[in-house]
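So the chains spell out like this:
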Amino acid sequence: MHSVKGLLNALLQLLLLQLCNSSTTNITFDQSIRDGDLLLSHDETFVLGFFSPANRDDPVNDTSGILTISTDGNLVLLHSNSQGLQLWSSNVSVSPTSNTNTMAQLLDTGNLVLVNQDTNHNNVLWQSFDHPTHVLLPNMKIGMDHGKNLYLTSWNSNNDPGTGNCTLRTEPYGSPQIILYNNHAKWWRLSERDAVFVSEMKMRFDHSVFSIIVISGSDTSASVKQLAWQGKQQGWVVVWSAPMDVCDKYGTCGPFGVCNTHTANWVKCACFPGYEPNFPQDWKLREGSGGCKKQPGAPSMCRNGEGFVRMDNVNVPDTSTVELDKNMSMEACEQKCLSNCSCLAYASADIRNGRSGCMTWYGDLMDTKQYIERRGQDFYIRADAIVAEVKEIPCQKGDVVDFGIANYCDAIHYIFCTLVFKKEDKNDL
């Protein structure tokens with residue numbers, strides 16, 4: 001945390017110290033910026049300049065960098081100590097008649113754009129917001145845009161801006177979700193709870209508060225933080241960060257496992273009803289990443305009196321492989337899952353709009369968390385007839401079992417040991 005804030009502070013101070021040097025609001029064919037010069041946005045909220053080393057993966061390690069417009073109209077970075085060697089180009093197609101009429105500007109949003117001066121600057125040929133690095137500014141976005149997946153990539157280290165191992169990107173499949181990757185492995189998922197929190201925090205900030213999202217990482221860790229600039233202290237404060245605890249780490253309890261940070265005896269992992277640990281000895285050592293498996297000898301869950309167990313306050317499993325129907329009611333969603341023997345669970349697709357839409361799972365249920373507070377959503381997992389006969393209160397086909405957070409009595413074995421069953425009115429689903 002301190003390293004990220006220190007890095008950003010150092011960069012800001014460097015740019016502020018350079019304000020006494022040459023500054024401009026445009027880069028043109030005849031107007032370049034060199035090391036020590038600054039490009040200012042119109043309202044001077046943003047400044048662009050060189051810092052060492054400049055140019056991420058092909059760095060300029062001295063003061064010879066030049067940012068200018070080339071003869072073909074592109075924005076280019078040159079190394080003046082190497083006979084004008086071109087290190088980077090915006091690499092867009094510019095009309096031959098407009099080659100010397102292109103111009104680079106830094107907008108008040110922080111977006112560096114290449115425009116055609118002959119079209120009232122409305123024709124954006126290239127923009128930096130389409131090429132994110134490790135920082136997400138308030139007006140930037142990540143995710144699919146015109147067929148391209150925009151995502152953040154961490155630095156190699158605090159002193160090396162080269163492309164790092166961590167990325168924050170949108171997983172577009174199933175029900176889209178934002179995932180932090182470390183060395184191409186899933187490290188953390190943005191839950192709907194976190195998404196709403198970050199959104200609410202942004203809404204609370206007035207226009208005088210500047211807030212950004214930053215990712216950082218190493219071979220063994222990764223993090224995403226929301227930072228806000230505090231004017232009086234002239235420094236960054238952390239508003240929100242993730243992962244926050246062991247359950248935030250992707251797949252802590254493996255497939256068909258549930259993670260909860262508030263369980264007794266520091267036991268974090270439990271199995272879904274009707275499942276048991278794959279490696280019981282590991283679970284006794286509080287290592288649950290091996291996950292769970294269906295209990296041996298359990299009856300079939302295919303047209304054999306099965307039903308659903310309801311778990312509340314859940315951050316639902318990874319949604320990258322779900323079937324998504326945004327218009328289906330919860331009643332229809334239940335019937336859809338019940339009628340397909342391969343369907344293992346279902347949940348609402350949008351808890352913000354009256355539990356609308358339907359998500360159904362058909363493979364491993366990975367990265368499930370359950371909260372003690374009312375922060376998650378209801379999640380319905382398919383259960384066999386034996387689970388439905390616990391407490392000797394029968395559940396008919398399609399009936400729902402209420403499974404609350406307080407029912408974790410023995411995470412090493414089966415979490416349905418104190419299940420409380422009740423008939424659910426269909427309209428309550």
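Conventions adopted
- Residue positions are counted from 1 within each chain, in the order its sequence is given.
- With pLDDT at 70 or above as the cut-off, local features in this predicted model cover only qualifying residues; side-chain atom pairs require 80 or more to be listed or tallied, and sums for whole chains, interfaces and linings still use all residues.
- Excluded from the side-chain calculations are hydrogens and water; all other atoms, namely the structure's heavy atoms, are used.
- We count a stretch as a helix when DSSP gives it H or I for four or more residues in a row; a strand needs E for two or more, and each element gets its number in order from the N terminus.
- Each residue is assigned to one of three classes by its accessible area relative to the maximum for its type, calculated with a 1.4 Å probe on protein chains only: buried under 20%, partly exposed between the two thresholds, exposed over 50%.
- Exposure was quantified through the Shrake-Rupley algorithm and a 1.4 Å probe, taking into account, for residues, occlusion by the shown protein chains and nothing else.
- In this scheme, strands are said to pair when DSSP sees at least two bridges between them.
- The term salt bridge refers to a side-chain nitrogen of Lys or Arg lying within 4 Å of a carboxyl oxygen of Asp or Glu.
- The score called pLDDT rates the predictor's confidence residue by residue, from a low of 0 to a high of 100.
- Every residue pair with non-hydrogen atoms within 4.5 Å of one another is taken to be in contact.
- The angle between two axes is taken between their N-to-C directions and runs from 0 to 180 degrees, where each axis is a line fitted to C-alpha atoms and a helix contributes only its stretch in contact.
- What the arc describes is the spread of directions from the helix axis to the C-beta atoms.
- Note on terminology: a nonpolar core comprises buried Ala, Val, Leu, Ile, Met, Phe, Trp, Tyr and Cys residues joined through side-chain atoms within 4.5 Å.
- Any pair of cysteine sulfurs within 2.5 Å is marked as a disulfide.

### Quick look at the overall build of the chain
Here is step 1 of the chain: When its secondary structure is counted, the chain shows 4 helices and 33 strands.
Here is step 2 of the chain: Evaluated residue by residue, the chain yields a buried proportion of 49% over its 429 residues.
Here is step 3 of the chain: Surface exposure of the chain reaches about 20700 Å², of which carbon and sulfur atoms provide 50%.

### Overview of the sheet that holds strand β5 (residues 47-48)
Here is step 1 of the chain: Taken in spatial order, the 3 strands make up an open sheet running β1-β4-β5, and their pairing is mixed. Each end of this open sheet is capped by a strand with a single partner; those strands are β1 (23-24) and β5.
Here is step 2 of the chain: Of the strand pairs in this sheet, β1 and strand β4 (residues 38-40) are connected by 2 bridges, and their pairing is parallel. Its bridge partner being in β4, Ser23 is matched across the sheet by Leu38.

### Description of the pattern of salt bridges
Here is step 1 of the chain: Under the definition given, this model contains 6 salt bridges.
Here is step 2 of the chain: Lys186 is the partner of Asp318 in a salt bridge, and the nearest nitrogen-oxygen pair spans 2.7 Å. Of this pair, Asp318 sits in the loop between β26 (307-315) and β27 (323-325) while Lys186 sits in strand β18 (residues 185-189), placing them 132 residues apart in sequence.
Here is step 3 of the chain: A salt bridge links Glu306 to Arg382, with the nearest nitrogen and oxygen atoms 3.4 Å apart. Residue Glu306 is located in the loop between β25 (292-294) and β26, and its partner Arg382 is located in strand β31 (residues 377-383); the two are separated by 76 residues in the primary sequence. For the residue pair Glu306 and Arg382, the accessibility class agrees, reading buried in each case.

### Some thoughts on the confidence of the model for the chain
Detailed reading of the predicted coordinates is not advisable wherever pLDDT falls low.
Here is step 1 of the chain: When pLDDT is averaged along the chain, the result is 81, and 77% of the positions lie at 70 or above.
Here is step 2 of the chain: Counting contacts from residues 203-207, a segment whose pLDDT is below 50, to residues more than four positions away or on other chains yields 4 contacts.
Here is step 3 of the chain: In the predicted structure, residues 390-429 sits below a pLDDT of 50 and forms 107 contacts with residues beyond four places in sequence or in another chain.

### Focus on unusual backbone geometry
Here is step 1 of the chain: Omega for the bond connecting Ala242 with Pro243 falls within 30 degrees of zero, at -5°, which places this linkage in the cis form.
Here is step 2 of the chain: Looking at the secondary structure, you find Pro243 in the loop between β21 (235-242) and β22 (257-259).
Here is step 3 of the chain: Despite not being glycine, Gln234 shows a phi value in the positive range, around 50°.
Here is step 4 of the chain: Note on placement: Gln234 falls in the loop between β20 (222-230) and β21.

### Details of the sheet that holds strand β17 (residues 177-182)
Here is step 1 of the chain: Here 4 strands make up an open sheet; going across it, the order is β15-β16-β17-β18 and the pairing antiparallel. Pairing within the sheet leaves two strands with one partner each, and these edge strands are β15 (152-157) and β18. On average, adjacent strands in this sheet sit at an angle of 35° to one another, irrespective of strand direction.

### Notes on helix α4 (residues 330-339)
Here is step 1 of the chain: Of all the positions in α4, only Met330, Cys333, Glu334, Cys337 and Leu338 are classed as buried. For α4, the angular spread of buried residues about the axis comes to 130°, placing them on one side.

### Considering the pairing of β15
Here is step 1 of the chain: Inspection of the sheet shows β15 paired to strand β16 (residues 160-171) by 4 bridges, in the antiparallel sense. Its bridge partner being in β16, Ser157 is matched across the sheet by Asp160.
Here is step 2 of the chain: The hairpin turn running from β15 into β16, its antiparallel successor, is 2 residues long.

### A look at the nonpolar core
Here is step 1 of the chain: Core analysis: the largest hydrophobic core is formed by 41 residues, its most contacted members being Ile27, Leu67, Leu75, Leu112, Leu168, Trp188 and Val224.
Here is step 2 of the chain: Grouped together as the second largest cluster of nonpolar side chains are 27 residues, Cys247, Ala347, Leu365 and Ile381 included.

### Focus on the state of the cysteines
In protein structure, a disulfide is the covalent linkage between the sulfur atoms of two cysteines.
Here is step 1 of the chain: Under the definition given, this model contains 6 disulfides.
Here is step 2 of the chain: Here Cys253 pairs with Cys269 through a disulfide, and the sulfurs are 2.0 Å apart. Its S-S torsion of approximately -85° makes the covalent link between Cys253 and Cys269 left-handed. Of the two residues, Cys253 is situated in the loop between β21 and β22 and Cys269 in strand β23 (residues 269-271); the sequence distance between them amounts to 16 residues.
Here is step 3 of the chain: Each sulfur of the disulfide joining Cys333 and Cys358 lies 2.1 Å from the other. As the torsion about the S-S bond is roughly 70°, the Cys333-Cys358 disulfide counts as right-handed. Of this pair, Cys333 sits in helix α4 while Cys358 sits in strand β29 (residues 358-361), and the two are 25 residues apart along the sequence. When sorted by exposure, Cys333 lands in the same class as Cys358, which is buried.

### A look at the side chain of Thr170
Here is step 1 of the chain: Checked against the element boundaries, Thr170 lands in strand β16.
Here is step 2 of the chain: A relative accessible area of 12% places Thr170 in the buried class.
Here is step 3 of the chain: Not counting chain neighbours up to four residues away, the residues in contact with Thr170 comprise Ile142, Gly143, Asn149, Pro176, Gln177 and Ile178.

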